[in-house]
Amino acid sequence: MTSSASQPSTAALAGNPLMDLSGLAPFDAIRPEHITPAITALMERAQKAVDKLEADQAADAPATWQSVVETLDEGTEGLSRAWSVVGHLNSVADTPELRAAYGENLPRVTEFWAGLGQNQALYERYKKLAASKAFQQQTPARKKLIENELRGFRLGGAELPEADKPRFAEIQEQQATQSKAFSDHVLDATNTYALIVRDEAELAGLPDDVKEAAREAARKAPAKEGEAPDDTPAWKFTLHFPSYFPVLQYADNRALRQTMYKAHVTRASELGPEYGQGQAEWDNTAIMLDLLRLRREEARLLGYANYGQVSLVPKMADTPEQVQTFLAELAERAHPYAERDLRELREFAAAKLGLAELEPWDIAYASEKLRQARYAFSENEVKQYFPEPKVLTGLFKVIETLFSVRIRPDSAPAWHPDVRFFRVESAAGTLLAQFYLDLYAREGKRGGAWMDDARTRYRRPGGQLQTPVAYLICNFTPPNGGKPSLFTHDEVITLFHECGHGLHHMLTQMEDLGVSGINGVEWDAVELPSQFMENFCWEWAVLEQMTAHAETGEPLPRALYDKMVAAKNFQGGLMTLRQVVLAATDMHLHTDYDPDGAQSVLALSRAVNDRMHVLPQPEVSRWINTFSHIFAGGYSAGYYSYKWAEVLSADAYAAFEDAATEDTLRPEVGERFLREILQMGGSRPAIESFRAFRGRDPSIEALLRHSGMSETAES
Ligand code: ZN
């Protein structure tokens, strides 16, 4: 392939820190001007490996593990490592120069990787390798890796007759275009709507910070055309979540809630213009049908009955029917609790709020009032018990106890002085892995929290072992005035969550890149270790050890803990039904729904809702027109995976619970979790790992119990 960037001279590459990342990345030496020369050279190196495989295929040379997998892994690893460092820096230490260099290289790097998946010669090489006699002697992990590769090629259309390939490519393009249009319409409708309030009395009940933000938004808004600018105070509300939701949750003004609610649920629909949030051409109704038709056609070309089946091929769930059964069972079990939630809410709203009839725009409002009446506690009060050093010590103690490892401070060049570096050792002192911990929000750092692999565990062809390295990134409040940072309980949960991903990546014992750590793990199973780790943040025995009041040093009081748990499970029945309806609608649309039939997408969504939920879908609601997860994101026929992962992680955690003790830090169970799940990475189907750990198939009981929805739970 030819590259658009200029050829780097050897001199330009001398001392370029991105050219050799076999050790830890020298973050202190990497400059934006290193990026383009290094990526150009590393892409050439990677392309040489591809050329080699293509030449082998043309010459009909034998396909061996070395000539196919090792050649490609060794040839592309430099590019993949360097690009991961660049992408990482772009996320955590953004500067205009870095962003420019990243943006300049992104299209060609993306194109290179996408090209591998479409390369017919590579596909033939993998097939030949899989068919070879020597391959039968390979480890199960390596066989799984090759199966995954072949599956990826097949789903990408590699087995299609030549005549069908252009149409297949066209379907992909049209889907991308339509998905983009779908999310653009949602965004346009959300951005366009504005509600200006001129009388502060109408805003009763809203928290001060919400009002202040609305006031600020109104100051920035241009005066209406033809209207003289005036100095009357005004408040502007939009359909963006931080503006819209507090109105639904807190505004005493019922008419205001109703107005905002109706505008919100009619976005990107035929009703949009009527409710002041957009234009007729932003209606997503036709796009949803188009996308469903395109996906059905794609599935049929690939030899499947529907898109639901295609979506599940690389996932842990087997069939759409299995998913629907799973969802129906959850709905049935949650149903009585949802009815109780609703009854309590109605009684409370009638008795305390004077709302005899609960309308859709009253639900969030009444729920918030009920929650406050029952479980009110101050987030700020809880925060005082979670100073950073105590939390980190507690987290490390959990990991060390469960998995018989030691976590020690270590040193490495980093991208910011706040970043810390640790090593994970076996009980005997062998280095297993290392990780960077970057906890605080700051300018130039992308929001949110995530784990990413800096380096994957890998046995090089020469026999040398590369140990894994992880990035653990959060956006918590930095320490202030010489005092340690105080974390909210949500932040503590986030930290445990990302550490769960980190452990999956770092404690693997696999040595082939494609199945090492998180690589090759099914998409609907990848959240198992992360959500599993969250459970410890709700365990009294753990919290007692992990908390110390910033002033008094006292651990979290039991009474406050009990309130936190009760608040977590508040309206668990209603929330479960909501998620189940979304997931079941998604799966129906992608399996048994006919986009050319008489039933509209809206009617289908209504039918599913009214069959499974205790609340009917409001007449005005067009929420399906903004279901971006399935129409614009990667969740088509995959929305169920949220609940699925919760079930897996709760059930895995239940293995640590023992009626005889409150302590779940049981090393003998931890050892099994380590051996059967964390160490195995993607080397075998997730269901096999789960069975090996649990001794049976996953069950929904533990999740129901943890959410306060089981026979024994007090009501
Ligand atoms: Zn996660």
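Okay, so let's go over this structure. (Residues numbered from 1 in each chain as written. Predicted model: local features only at pLDDT ≥ 70, side-chain atom pairs only at ≥ 80, totals over all residues. Heavy atoms only, no water.)

### Considering the side chain of Gln466
Mapping Gln466 onto the fold places it in strand S8 (residues 465–466). A distance of 2.8 Å separates a polar atom in the side chain of Gln466 from the backbone oxygen of Thr456. (Helix = DSSP H or I, 4+ residues; strand = E, 2+ residues; numbered from the N terminus. Polar contact = N/O pair within 3.5 Å; in protein donor to acceptor, adjacent residues only side chain to side chain.)

### Structural notes on unusual backbone geometry
In this structure, Ser404 is a non-glycine residue whose phi angle is positive, near 50°. Here Ser404 shows up in the loop between helix H16 (388–403) and strand S3 (405–410). Judged by its relative accessible area of 46%, Ser404 is partly exposed. The phi torsion at Ala637 lies on the positive side, around 50°, for a residue other than glycine. Mapped onto the elements, Ala637 comes out in the loop between helix H23 (628–631) and helix H24 (641–654). (Buried < 20%, exposed > 50% of the residue type's maximum accessible area, 1.4 Å probe, protein only.)

### Some points on the packing of helix H3 (residues 65–92) against helix H5 (residues 120–131)
Direction vectors running N to C along H3 and H5 enclose 135°, while the axes themselves pass 10 Å from each other. The orientation of H3 relative to H5 falls into the category oblique. The two elements H3 and H5 cross, and the hand of that crossing is left-handed. Every residue of H5 that contacts H3 at Trp65, Val68, Val69 and Leu72 is listed here: Leu122, Arg125, Tyr126 and Leu129. Its residues assigned to classes, the contact of H3 with H5 shows seven nonpolar, no polar and one charged. (Axes fitted to C-alpha atoms, helices over the stretch in contact; angles between N-to-C directions. Parallel < 35°, antiparallel > 145°, perpendicular 65-115°, else oblique. Left-handed = near helix turned anticlockwise from the far one by under 90°. Contact = heavy atoms within 4.5 Å. Nonpolar A, V, L, I, M, F, W, Y, C, P; charged D, E, K, R; others polar.)

### Things to note about the packing of aromatic side chains
This model, assessed by the stated rule, comprises 38 aromatic pairs. Taken together, a centroid distance of 5.0 Å and an interplanar angle of 10° make the contact between Phe241 and Phe245 stacked. Taken as a pair, Phe241 and Phe245 lie in helix H9 (residues 241–250) at a separation of four residues, close to a single helical turn. Measuring from ring centre to ring centre gives 5.6 Å for Phe532 and Phe536, while their planes differ by 85°; the resulting arrangement is edge-to-face. For the pair formed by Phe532 and Phe536, the shared burial category is buried. Through a chain of ring-to-ring contacts, the aromatic side chains of Phe403, Phe532, Phe536, Tyr653, Phe656, Phe673 and Phe693 assemble into a single cluster. Its end group placed over the ring of Tyr365, Arg257 keeps NZ or CZ at 3.9 Å from the ring centre. (Phe/Tyr/Trp six-rings, centres within 6.5 Å; stacked < 30°, edge-to-face > 60°. Lys NZ or Arg CZ within 6 Å of the ring centre and 35° of its normal.)

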